[in-house]
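Summary of the model geometry
If you want the building blocks of each chain, they are given just below.
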Amino acid sequence: MKRFLLFAAFLATLLFCGCEDSARPKLVMATNAEFPPYEYLVGEQIDGIDPAIVRLIAEKLDRDVKIDNMKFDSVIAAVQTGKADIAASGLTVTEDRKKQVLFTIPYIVAEQLIIVPENSPIKAKADLKGKRVGVQLGTTGDTYMTENIQQPERFDNGALAVSALISGKLDAVVIDNEPAKVYVQKHPGLIILSEPLTVEEYAFAFNKKDTELCAKFNAELQKLKESGELDEIIRSYKEGQQQEEEAGSGTFWGKIKHSFYLNFVKDKRYMYLIKGFLVTLEITVFAVLIGIVIGFLVAIVRSTADQTRNKSFLLKFLDSLCKIYLTVIRGTPVVVQLLIIYFVIFGAVDVSKVLVAIIAFGINSGAYVAEIFRAGIMSIDRGQMEAGRSLGLSYAQTMQSVIVPQAFKNVLPALGNELIVLLKETSVAGYIALQDLTKGGDIIRSQTYDAFMPLIAVALIYLSVVMLLTYLLGRLERSLKTNE
Ligand code: ARG
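I will try to describe carefully the structure that is included in this document.

Observations concerning the site of the ligand
Lining the immediate surroundings of the ligand are 15 residues, of which Asn 32, Thr 92, Arg 97, Thr 140 and Asp 176 lie closest. Between a nitrogen atom of the ligand and a main-chain N or O atom of Ser 89, the distance comes to 2.8 Å. Asp 176 places a side-chain nitrogen or oxygen 2.6 Å from a nitrogen atom of the ligand. Considering the ligand on its own, with 350 Å² of exposed area, one finds that the protein chains cover 100% of that surface. Looking at the shell around the ligand residue by residue, the class counts come to 4 nonpolar, 7 polar and 4 charged.

Some details on the sheet that holds strand S1 (residues 26-31)
What the 5 strands build is an open sheet, ordered S5-S1-S6-S14-S7; its pairing is mixed. Of all strands in the sheet, those with a lone pairing partner are strand S5 (64-69) and strand S7 (102-103), marking the two edges. Two elements, S1 and S5, share 6 bridges in a ladder whose sense is parallel. Note on S5: the bridge partner recorded for Ala 30 is Asp 68.

Describing the pattern of salt bridges
What the rule picks out here adds up to 21 salt bridges. The partner of Asp 306 in a salt bridge is Arg 302, and the shortest N-O contact between them spans 4.0 Å. Here Asp 306 and its partner Arg 302 are both found in helix H11 (residues 270-307), 4 residues apart, which amounts to about one turn of the helix. The partly exposed category is assigned to Asp 306, whose relative accessible area is 41%.

Overview of the environment of Asp 64
Assignment of secondary structure puts Asp 64 in strand S5. On the basis of relative accessible area, Asp 64 is assigned to the partly exposed category, the value being 23%. For Asp 64 and Ala 159, which are 95 residues apart along the polypeptide, the C-alpha to C-alpha distance reads 30 Å. Side chain to side chain, Asp 64 and Arg 24 meet in a polar contact 2.8 Å long.

Focus: the sheet that holds strand S4 (residues 45-47)
Two orientations exist for strands paired in a sheet by backbone hydrogen bonds: parallel and antiparallel. If you trace the 3 strands from one edge of the open sheet to the other, you get S2-S3-S4, paired in antiparallel fashion. Single-partner strands in this sheet number two, and they are strand S2 (34-35) and S4. Strand direction decides the pairing type here: S2 and strand S3 (residues 39-42), joined by 2 bridges, are antiparallel. Bridge pairing in S3 places Phe 35 opposite Glu 39.

Some details on unusual backbone geometry
For the bond from Pro 36 to Pro 37, the omega torsion is 0 degrees, close enough to zero to count as cis. Note on placement: Pro 37 falls in the loop between S2 and S3. With a phi close to 55 degrees, Asp 267 is a non-glycine residue in the positive phi region. Note on placement: Asp 267 falls in the loop between helix H10 (252-265) and H11. For Asp 267, a relative accessible area of 42% corresponds to the partly exposed category. One non-glycine residue, Ala 433, adopts positive backbone phi at about 60 degrees.

Digging into the side chain of Glu 200
Considering the arrangement of structural elements, one finds Glu 200 in strand S13 (residues 198-202). Within the buried set, Glu 200 has no salt-bridge partner at all; the shortest N-O distance to an opposite charge, 6.5 Å, is to Arg 97. Here Gln 112 takes part through its side chain, which lies 3.0 Å from a polar atom of the side chain of Glu 200. Ignoring sequence-local partners within four residues, the contact set of Glu 200 consists of Thr 92, Ile 108, Val 109, Ala 110, Gln 112, Thr 140 and Asp 176.

A short note on the packing of helix H17 (residues 437-448) against helix H18 (residues 452-482)
Axis separation between H17 and H18 bottoms out at 9 Å; the angle between their running directions is 165 degrees. Judged by the angle between their axes, H17 and H18 are roughly antiparallel. Two packed elements cross with a definite hand, and for H17 against H18 that hand is right-handed. Between H17, through Leu 437, Thr 438, Gly 441, Ile 444 and Arg 445, and H18, the contact on the second element is made entirely by Pro 454, Leu 455, Val 458, Ile 461 and Tyr 462.

Reading the values: rules and limits
- Residues numbered from 1 in each chain as written.
- Predicted model: local features only at pLDDT ≥ 70, side-chain atom pairs only at ≥ 80, totals over all residues.
- Heavy atoms only, no water.
- Near = heavy atom within 4 Å.
- Polar contact = N/O pair within 3.5 Å; in protein donor to acceptor, adjacent residues only side chain to side chain.
- Areas by Shrake-Rupley, 256 points an atom, 1.4 Å probe, with all protein chains shown as cover.
- Nonpolar A, V, L, I, M, F, W, Y, C, P; charged D, E, K, R; others polar.
- Pairing = 2+ DSSP bridges.
- Helix = DSSP H or I, 4+ residues; strand = E, 2+ residues; numbered from the N terminus.
- Salt bridge = Lys/Arg side-chain N within 4 Å of Asp/Glu carboxyl O.
- Buried < 20%, exposed > 50% of the residue type's maximum accessible area, 1.4 Å probe, protein only.
- Lys, Arg positive; Asp, Glu negative; His and termini not counted.
- Contact = heavy atoms within 4.5 Å.
- Axes fitted to C-alpha atoms, helices over the stretch in contact; angles between N-to-C directions.
- Parallel < 35°, antiparallel > 145°, perpendicular 65-115°, else oblique.
- Left-handed = near helix turned anticlockwise from the far one by under 90°.

The structure is reproduced here in structure tokens:
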């Protein structure tokens, strides 16, 4: 028990050490760092044209930049709800978006282009009709396809769409010109068609209320434009992307070794898995604790209500409350609950995502644990309660010292099962852009365009933890048996 508490304390420290404070006010930048050369991850750091510009201007406004990396389709919402101050994400100015956010002056002109395999029958935009076309969800490429051609296949980021194209699952990808160049340069078999689908302008975006901040930002941006500094930044990042990735040697083992190197060793990519694993562990441990507490309370209320003939008003009330909780939580998917807690309940406040995930998974797990506990309590013969009461113990005392300990032993396998389910279920945490284990694998995948190695590694890590848990639970069960 002591060791467990120590471990919990250790995880709690990890949870809170992310919040360093500084004297200067923060400028929170919402982005989707899967869009080279505008924004991309280098190890743990986010680099690219947008962060470079924002950092430079923030410096002039005497602010510290904090980057919040999320899915592209959340970037605008983050600024609207006040979760972030500025959206800097290769964001195209469109009429629809103008209704939602306040755009700065534009800083670059871009195009939506078509990427296809070298000998594709698709030669121009007219040929896209009826073909399998991939886009990044929520981008102007997505809008263009949807409004002018047909429903595209929507991916979380451009890299995933491009890897689907490479493996023959798509016929074309529609994406912005600079990322298109980066992807094509990394994949010799791909080409870009010359005819653009759209010509657009990128700008940064603020909350509609932040007119003053936006004006100051604009003034600095204008200066950067006039001095030529802006063009210099953009040029340097475009060139930075030109370096070639070394290829592995031709033999089977040579290729495997190279792929291993690329996916895990290069740029310390293994850190995505290690850090992600810690996050997964942290969420699971705390969610389990919350789940057990909630589950226990709900089970006591529910079974007491079941066993009482003349229920007091309070008991009836609590019982209905518990029933509603069970129905709602078990009736909706955990991802949806997670999204509601993050975007709706905590919509306007700045809370740590890990905390949100812990709360969401804890509340969710509580419902299942409650039913497990209730089943356990029900499984104890009624005679036990009667025996306890006739010994002069109160209802609560009998529960505490006779029923619950036996019930606990009976439900241990089911509880272990719930723990295993929960551990794996946290893999949807990526939906709120938390970098858990699964998301860590995804990030590697989007940098190396290799699906095999990162996915297998992630699967193996989950599997090992589950096997370890199963073993430990087995031992616990056996030791409880011998204690009987
Ligand atoms: N320019 C496009 C748009 O505004 C795509 C931007 C995607 N940006 C990103 N960071 N993923 O819709």
